[in-house]
Amino acid sequence: MNYNKIDQKILDQLKHICGEENVVTDKEKLVDYTHDEYPYFEETYYPEIVVKPQNEKQVSEILRLANENLIPVTPRGAATGLAGGCVPLYGGIVLSLENMNKILEIDKQNFVVVAEAGVPLMKFFKEIEKEGLFFPPHPGDESAMIGGVVATNAGGARAVKYGVIRNFVRGIEVVLPNGEIINCGGKFIKNSAGYSLLNIFIGSEGTLGVITKAILSVVSPPKSLITLVVPFESIEQAIKTVPEVLKTGVIPMAIEFLELQPIILTEKLLNKTWPTKQGTAHLMFIIDAQNDEIALNSAETIASVCEQNNALEVFVADTQDKQQNILEIRSHLYESLKSMTVDILDVSVPAAKIPEFVETIHEIEKKYDIWLPTYGHAGDGNVHTHYMKAKFQDGELVPVEETKWKTLAEEVITQILKTGVSLGGTITGEHGVGIIKKKYMSLMYSPTYILLLKKLKQLFDPNNILNPGKII
């Protein structure tokens, strides 16, 4: 792609727009903006400059200037993504929204919160909790920013009961590549007025416009929480139990499945102890309710179903400390594997197809003599499989010969993604496409579908300046 470089005149204009203190050109500092949390990049892509606008008007001026001068712009939040979505493939400008970090309104009458794109989730959760409110989606890393989780339609463990971010976005403010500012949606719930631009921007990964503000639904917090950990002899037994639980009508906040090996590594990382080492695979249920009686009844129902489906035991975490211990271990599984992870996949299949998908993962492991640790969100079908450059031996990660894992990577990853699609699933359930999964889009979409995506991109961004090289 033929983009222009940033000359002194454009640099001076950017400093005038944002203030010199909000413009970064030092290469030692630019390195922080070359990557996200994806574990293995073969190349490093530097931006020419990082700008940190303080409001939507500055974003508008930056995009207008970039569009007029054919300079690529890569929007960036907290860079907690796992698909290279905020990597500046073509240099140019990284547009960091970190300074746009204000919660503008907490509307308790309408149960909505208006926040700027750079508000971290941890701040968002803390501030609404003070007002007696609760935001159900929890994508995992609480340093993630509001704009980023909307732009990637982030998911997380609680999706089985509450859905993903899309289900909680009422409205957004967006700056288009030409600098125009538009508003989609609002505080209202129902809207049948034409095509939903709101839903086009949600999950667009900053390729169609820069989200600068969001109106998010919130609810009253649950009064009671109970966490169950249930070990099984095999992952297949564990996952096949999940539909049986859901048939009872009890919908937990979260249903996670975990294999024992990553749990052992995470215990060592955190110096914490998981409730049990029985079996090889565990289910974790988080139950929320408006009172203890309802929560306990739900827990008893789940426990009964698990016992009828060959559970080895049912461990109940009924205090905040016990629950926090379990949640910390679950939340840090990725961290315990990251140093030896080449790719972390997030295939999503119909929930009833998880056993078949995981069985295939184990067949691939045996075929290639590799380790593919797998865990995920059993209630909504979202499965995380790590392609590793190490094996698990005696509680430790033991490196695999580099030529082996490099030679096998493309073939194995493609097989895993093809399996997910063949079962009626998608190549990505929550991480997004970014640059990492772009080449696999044809596994699930027809040429006509991909052509429509390209035409949509051309319509919104005819000069292709906004996050170029992502998705398509």
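Note: the structure precedes this text.
**Looking at the packing of helix α13 (residues 354–368) against helix α14 (residues 402–422)**
Argument step 1. It is the contact of α13 with α14, at a shortest axis distance of 11 Å, that shows an interaxial angle of 160 degrees. In terms of orientation, α13 lies roughly antiparallel with respect to α14. You can see that α13 and α14 cross each other, and the crossing is right-handed. Along the contact surface, α13 presents Phe357, Thr360, Ile361, Ile364, Lys367 and Tyr368, while α14 presents Lys404, Leu408, Glu411, Val412, Gln415, Ile416, Thr419 and Gly420.

**A look at the state of the cysteines**
Argument step 1. With the rule as written, the count across this model stands at zero disulfides.
Argument step 2. We note that Cys18 lacks a disulfide partner, and the nearest cysteine sulfur, in Cys86, lies 18 Å from it.
Argument step 3. On the basis of relative accessible area, Cys18 is assigned to the buried category, the value being 3%.

**Comments concerning the side chain of Thr227**
Argument step 1. On the secondary structure map, Thr227 appears in strand β10 (residues 224–232).
Argument step 2. The contacts of Thr227, once residues within four sequence positions are left out, are Met284, Phe285, Ile286, Phe315, Val316, Ala317, Gln323 and Ile326.

**A word on the sheet that holds strand β15 (residues 374–377)**
Argument step 1. In spatial order, the strands read β13-β10-β12-β11-β15-β16-β14; together these seven strands make up an open sheet with antiparallel pairing. One side of each edge strand has no neighbouring strand; the edge strands of this open sheet are β13 (315–317) and β14 (341–348). Averaged over all pairs of adjacent strands, the angle between their axes in this sheet comes to 15 degrees, without regard to strand direction.
Argument step 2. When β10 meets strand β12 (residues 281–289), the two strands line up antiparallel, connected through nine bridges. For Val229, the partnering residue across the bridge sits in β12 and is Met284.
Argument step 3. Sheet strands in contact with helix α11 (residues 320–331) are β10, β11 (254–259), β12, β13 and β15, and its direction is about 55 degrees off that of β10.

**Details of the pattern of salt bridges**
Argument step 1. The final tally for this structure, using the stated rule, is 23 salt bridges.
Argument step 2. A salt bridge links Asp369 to Lys404; the nearest nitrogen and oxygen atoms lie 3.4 Å apart. Of the two residues, Asp369 is situated in the loop between α13 and β15 and Lys404 in helix α14; the sequence distance between them amounts to 35 residues.
Argument step 3. The class for Asp369 is partly exposed, based on a relative accessible area of 42%.
Argument step 4. For Lys404, a relative accessible area of 26% translates into the label partly exposed.
Argument step 5. Connected through salt bridges with shared partners, the residues Glu105, Asp107 and Lys187 form a single ionic network.

**With respect to the packing of aromatic side chains**
Argument step 1. Tallied over the entire structure, the rule returns 10 aromatic pairs.
Argument step 2. Taken together, the ring pairs in this structure connect Phe124, Phe125, Phe135 and Phe168 into an aromatic cluster.

**What to know about the sheet that holds strand β1 (residues 23–24)**
One key point about sheets: their strands pair by backbone hydrogen bonds, in either a parallel or an antiparallel sense.
Argument step 1. The strand order across the open sheet built from four strands is β1-β2-β4-β3, with neighbouring strands paired in mixed fashion. Across the chains shown, the open sheet's two edge strands, defined by having one partner strand only, are β1 and β3 (73–76).
Argument step 2. Across three bridges, strand β2 (residues 49–51) lies against strand β4 (residues 93–96) in parallel orientation. Within β4, the position partnered with Ile49 by the bridge is Ile93.

**Remarks on the environment of Ser336**
Argument step 1. For Ser336, the location among the structural elements is in helix α12 (residues 333–337).
Argument step 2. For Ser336, a relative accessible area of 10% corresponds to the buried category.
Argument step 3. Sequence separation of Ser336 and Pro262 is 74 residues, and the distance between their C-alpha atoms is 7.3 Å.
Argument step 4. A distance of 2.7 Å separates a polar side-chain atom of Ser336 from the backbone oxygen of Leu333.

**Quick word on the environment of Val421**
Argument step 1. Note that Val421 resides in helix α14.
Argument step 2. Judged by its relative accessible area of 21%, Val421 falls in the partly exposed class.
Argument step 3. The sequence separation of Val421 and Tyr445 amounts to 24 residues, and the corresponding C-alpha distance is 9.8 Å.
Argument step 4. Beyond its immediate sequence surroundings of up to four residues, Val421 is in contact with Ile427, Leu443 and Met444.

**A look at the pairing of strand β17 (residues 390–393)**
Argument step 1. Side-chain alternation along β17 places Ala390 and Phe392 on a buried face and Lys391 and Gln393 on a face that remains uncovered.
Argument step 2. Connecting β17 to the next strand, strand β18 (residues 396–399), in antiparallel fashion are two residues, including Asp394 with a positive phi near 55 degrees.

Calculation notes
Residues numbered from 1 in each chain as written. Predicted model: local features only at pLDDT ≥ 70, side-chain atom pairs only at ≥ 80, totals over all residues. Heavy atoms only, no water. Axes fitted to C-alpha atoms, helices over the stretch in contact; angles between N-to-C directions. Helix = DSSP H or I, 4+ residues; strand = E, 2+ residues; numbered from the N terminus. Parallel < 35°, antiparallel > 145°, perpendicular 65-115°, else oblique. Left-handed = near helix turned anticlockwise from the far one by under 90°. Contact = heavy atoms within 4.5 Å. Disulfide = S-S within 2.5 Å. Buried < 20%, exposed > 50% of the residue type's maximum accessible area, 1.4 Å probe, protein only. Pairing = 2+ DSSP bridges. Salt bridge = Lys/Arg side-chain N within 4 Å of Asp/Glu carboxyl O. Phe/Tyr/Trp six-rings, centres within 6.5 Å; stacked < 30°, edge-to-face > 60°. Polar contact = N/O pair within 3.5 Å; in protein donor to acceptor, adjacent residues only side chain to side chain.

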